Amino acid sequence: MAVTKQVPQVEDDKSLKKRNEELERELRKSQEREERMKAELQKTFERLRVAEEAEERLCSQLGELEAEAVDQARSDHARILSLMNQLSQAQRLLQSAAVSLPLEFAAK
């Protein structure tokens, strides 16, 4: 009887050993996948950090450009007002000169 008990026990041991090896292989594969995913996550995190820094720089540059545009618009507006005043003065001068011309010069 001892022999028949030994054979199933040996087969169980072999089966358990084989199953244990399979589980260890699956565990190694799982750990490798986990490491690859960690590395990919780290790369993604680094790309995100770079993108956020670039966004901050772009926002800063945009703010500077907007300030420059406002300054330029104010300068242009002041120049337009100055030119309008000069034109108005020139028109008044021409009108006053035309009124004061004698009729004989105005007819020519």
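Everything here concerns the structure above.
What you are looking at is a predicted structure, and each value in this text was computed from that prediction instead of being measured. (Residues numbered from 1 in each chain as written. Predicted model: local features only at pLDDT ≥ 70, side-chain atom pairs only at ≥ 80, totals over all residues. Heavy atoms only, no water.)

A. The arrangement of the pattern of salt bridges in detail. Taken as a whole and assessed by the stated rule, the structure comprises 6 salt bridges. E40 is the partner of R47 in a salt bridge, and the nearest nitrogen-oxygen pair spans 3.9 Å. Judged by its relative accessible area of 37%, E40 falls in the partly exposed class. Across the salt bridge formed by E46 and R49, the nearest N and O atoms sit 2.3 Å from each other. (Salt bridge = Lys/Arg side-chain N within 4 Å of Asp/Glu carboxyl O. Buried < 20%, exposed > 50% of the residue type's maximum accessible area, 1.4 Å probe, protein only.)

B. Up close: a positive patch on the surface. A surface patch of positive charge is lined by K18, R25, R28, K29, R33 and R36. Within the secondary structure layout, R28 lies in helix α1 (residues 2–100). For R28, a relative accessible area of 44% gives the class partly exposed. (Patch = residues over 30% accessible without salt bridge, like charges linked within 9 Å, V, L, I, M, F, W, Y side chains within 5 Å. Areas by Shrake-Rupley, 256 points an atom, 1.4 Å probe, with all protein chains shown as cover. Lys, Arg positive; Asp, Glu negative; His and termini not counted. Charge placed at Lys NZ, Arg CZ, Asp CG, Glu CD. Helix = DSSP H or I, 4+ residues; strand = E, 2+ residues; numbered from the N terminus.)

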